[in-house]
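Observations on the model geometry
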Amino acid sequence: MRNGTVITEFILLGFPVIQGLQTPLSIAIFLTYILTLAGNRLIIAIVWAEPRLQIPMYFFLCNLSFLEIWYTTTVIPKLLETFVVARTVICISCCLLQAFFHFFLGTTEFLILTIMSFDRYLAICKPLRCPTIMTSKLCLQLALSSWVVGFTIVFCQMMLLIQLPFCGNNVINHFCCDVGPILKAACVDTSILELLGVIATILVILGSLLFNMISYIYILSTIRRIPSGTGRQKTFSTCASHLTVVSLLYGAVLFMYLRPTAHSSFKINKVVSVLNTILTPLLNPFIYTVRNKEVKGALRKAMTCPKTGHAK
């Protein structure tokens, strides 16, 4: 037990070194946030409005888009406040709540992307068995399981975290409530919580990464055996979008957490974290539509139908 004044709030530093750039950056981030909400909502609307898109791959994509909407909403409003207000204060309860949703949604995203890689594996490597295996019931069960598992992993740790007394340094050198600085402000030994966090991180991030890698080893091996170049290109295009999103997400996470401590820079980690929080959710709708003929066709149909109806 450490001696110190009991604290009731945290101070988020954000990016104090970018004096003079707060206004243009806040405008850019706000516009990015609006585009993220609009793009992911559009994906959900198109999939549910177009019967041809109501297949497992797009069902999981809707889950991912829904998740990205709330993932960005958890962080970006407070991030914008750090640009506008010199001293961004957040109460302990609000900070813990933000941390919970941030890590709950982040954990669930890894699980959903892993399920999507399993769906791509079945569609490419087991095309004849895929419709009988990936049924609507199984899709619903897998999606629900990813949300429940993500919630349970983070909720159990958060129940231990909210019982801690805080009396240390209440300044968080971040733009959102990260667990690391919160634990440093605790008055008691937090080694058990830190160990649980490491175990959860290994299980979720490295476990899902391993599953994704194995899935794509089988996928790429199957694609290589396709005799025609056109067939290989067409088959690879069905999983290229998912592979791009997986590469962006895991690339950012591994860069932040698996570098040697001697070469790590918290300032660089904050920048990468911002890009992962803002750019990845923004790029997802574009990545899944730019090279996807089915989604582009449904989007053109949705845009031309109102005009046709108006002309009539």
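Before going into details, it helps to say that this report is about the structure given with it.

About the criteria used
Residues numbered from 1 in each chain as written. Predicted model: local features only at pLDDT ≥ 70, side-chain atom pairs only at ≥ 80, totals over all residues. Heavy atoms only, no water. Pairing = 2+ DSSP bridges. Helix = DSSP H or I, 4+ residues; strand = E, 2+ residues; numbered from the N terminus. Contact = heavy atoms within 4.5 Å. Axes fitted to C-alpha atoms, helices over the stretch in contact; angles between N-to-C directions. Disulfide = S-S within 2.5 Å. Buried < 20%, exposed > 50% of the residue type's maximum accessible area, 1.4 Å probe, protein only.

**Details of the sheet that holds strand E2 (residues 88-91)**
- Pairing within the open sheet is mixed, and its three strands lie in the order E2-E1-E3. The open sheet is flanked by E2 and strand E3 (171-172), the only strands paired with a single partner.
- Pairing analysis gives two bridges linking strand E1 (residues 9-12) to E3, with the strands arranged parallel. When the sheet's bridge partners are listed, Leu12 is paired in E3 with Ile172.
- Each of E1 and E2 is contacted by helix H2 (residues 56-84), which is oriented at about 140° to E2, the strand it contacts most.
- Here helix H3 (residues 92-125) sits on the sheet and contacts E1, E2 and E3; the angle it forms with E2, its principal contact strand, is near 85°.

**Considering the state of the cysteines**
- Taken as a whole, this structure holds two disulfides when the rule is applied.
- Covalent S-S linkage joins Cys95 and Cys177, the inter-sulfur distance amounting to 2.0 Å. The S-S bond linking Cys95 to Cys177 shows a torsion near -125°; that makes this disulfide left-handed. Residue Cys95 is located in helix H3, and its partner Cys177 is located in the loop between E3 and helix H6 (179-184); the two are separated by 82 residues in the primary sequence.
- The side chain of Cys167 participates in a disulfide bridge whose partner is Cys187; the two sulfur atoms lie 2.0 Å from each other. Placement of the pair is Cys167 in the loop between helix H5 (136-161) and E3 and Cys187 in the loop between H6 and helix H7 (191-224), with a sequence separation of 20 residues. Exposure class is identical for Cys167 and Cys187. Each is buried.
- Regarding the disulfides, the chain carries the connectivity 1-3, 2-4 under sequence-order numbering of its bonded cysteines.
- No disulfide involves Cys130; its sulfur sits 8.4 Å from the nearest other cysteine sulfur, which is in Cys139.

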